[in-house]
Amino acid sequence: MEVLSCFTPYSSSSSLHHVSFKFMRSPPKPSTYSAVARMNTCGLPKKSLVIARLQLDRRTDFIGLNNGMNLQKQCQLLRNIVVRSELAGAGSHSAAYPTAEFQLGSKIRGLCFYVVASLSAVVLFVLMAVGHPLVMLFDRHRRTWHHLIAKIWASITGYPFLSVEFEGLENLPAPNTPAVYVSNHQSFLDIYPLLILGRTFKFISKTSIFLFPIIGWAMYLLGTIPLKRMDSRSQLDCLKRCIDLVKKGASVFFFPEGTRSKDGALGTFKKGAFSVAAKTGVPVVPITLIGTGSLMPVGKEASLHSGVVKVVIHKPIEGNNPDILCEKARNSIADALSHRG
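This is a predicted model, so every value here is computed, not measured. (Residues numbered from 1 in each chain as written. Predicted model: local features only at pLDDT ≥ 70, side-chain atom pairs only at ≥ 80, totals over all residues. Heavy atoms only, no water.)

S.K.: Just to check I follow, could you spell out the UniProt feature "transmembrane region" (unreviewed entry) in the protein for this structure?
M.R.: Under the present numbering, the feature "transmembrane region" (unreviewed entry) in UniProt falls on residues 111-135 and 203-223. As annotated, residues 111-135 comprises 100% helix and 0% strand, and the C-alpha atoms at either end are separated by 34 Å. Here residues 203-223 is 38% helix and 14% strand, with 8 Å between the C-alpha atoms at its ends. (UniProt positions renumbered as here; feature names shortened; annotations may be inferred. Helix = DSSP H or I, 4+ residues; strand = E, 2+ residues; numbered from the N terminus.)

Here's what the structure looks like:
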């Protein structure tokens, strides 16, 4: 076994990328080494010498290089080998530059996405703040005006960059009907198609998000429920507030996994959402989000790939047993992920 190392260009600059090739083959004939030794007199750079060496090792018709050519012809032939090799590498599907270009495009798309989200949020937050006193007087629990603005914001931000497809819209309860909505959680993008649905459900969010300017303030006006993770008292207060809101005609939304999935696999469901539904007697509406994890994976929120997001709304589930509600909801979402994902 022999290990060969070569340097291949990964961009238009003179930087080199080290690649190692390991394969089984018979040792090259001595004349091949003699031919490679003569390259030093041809004025070729070091990386080109190695490229030519690899080509000579693979092609037996160059083994007689020492015997039938003078030095000038040998050098010209070697230069041709190097040029052909470099052109082939630059144009292949596995070349690094197209990958870098794709990543650059995703980063630019992500930057534009956040710029649009930020600018539109500033303008729309003003409308939300102006209408807040009337909302608190006449629609304190559902806050329909605020959710309409949130839907507009999500549409302005999402549709230029995402293709969103909805399935099962007929399964949504009437806008005035309280319910507990649950969904899988794959990405930061999940919030956008959910807001576009236009239902006045209250999200649950960790308290640190409320500190963000504009976005955090808008979440406060929307009535988003704060939660301190790993704090049992905060979790209990959160569930009590959810029960109170549902009894007063509002809907609530849970990501039962508790956090985003890093690999797209559906995690274990926590039973808080289903306890709220069982105690209040409202239906559970399972929703499956497909595609958000691949467009903006966890830990890579600076990039946004192009693609389609599918939102599947399943038939509402009713019952007074949290365990059964949890199992049925998770099965619905898991089936959709396996068949449509």
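S.K.: Before we go on, may I ask you to explain the side chain of Ser-120 in this structure?
M.R.: Inspection of the secondary structure puts Ser-120 in helix α5 (residues 96-138). Residue classification places Ser-120 among the buried positions, given a relative accessible area of 10%. Among the polar contacts listed, one links the side chain of Ser-120 to the backbone oxygen of Ala-117, at a separation of 3.2 Å. (Buried < 20%, exposed > 50% of the residue type's maximum accessible area, 1.4 Å probe, protein only. Polar contact = N/O pair within 3.5 Å; in protein donor to acceptor, adjacent residues only side chain to side chain.)

S.K.: Whenever I open this one, a nonpolar patch on the surface confuses me. Can you help?
M.R.: On the surface, a cluster of nonpolar side chains totalling about 440 Å² of accessible area is made up of Leu-127, Trp-145, Leu-148, Ile-152 and Ile-156. In terms of residue count, helix α6 (residues 144-158) provides more of the nonpolar patch than any other element does, four residues in total. For Ile-152, the location among the structural elements is in helix α6. (Patch = residues over 30% accessible without salt bridge, like charges linked within 9 Å, V, L, I, M, F, W, Y side chains within 5 Å. Areas by Shrake-Rupley, 256 points an atom, 1.4 Å probe, with all protein chains shown as cover. Salt bridge = Lys/Arg side-chain N within 4 Å of Asp/Glu carboxyl O.)

S.K.: Where do I start with the pattern of salt bridges in this structure?
M.R.: Any two side chains of opposite charge can pair, on the condition that their charged atoms come close. Under the criterion given, the structure shown has three salt bridges. Asp-244 is the partner of Lys-248 in a salt bridge, and the nearest nitrogen-oxygen pair spans 3.3 Å. Judged by relative accessible area, Asp-244 falls into the partly exposed class, the value being 35%. In this structure, Asp-323 engages Lys-271 in a salt bridge whose closest nitrogen and oxygen atoms are separated by 2.4 Å. Taken together, the residues Asp-323 in helix α12 (residues 322-340) and Lys-271 in the loop between β8 (251-254) and α10 (272-280) connect sequence positions 52 residues apart. The partly exposed category is assigned to Lys-271, whose relative accessible area is 41%.

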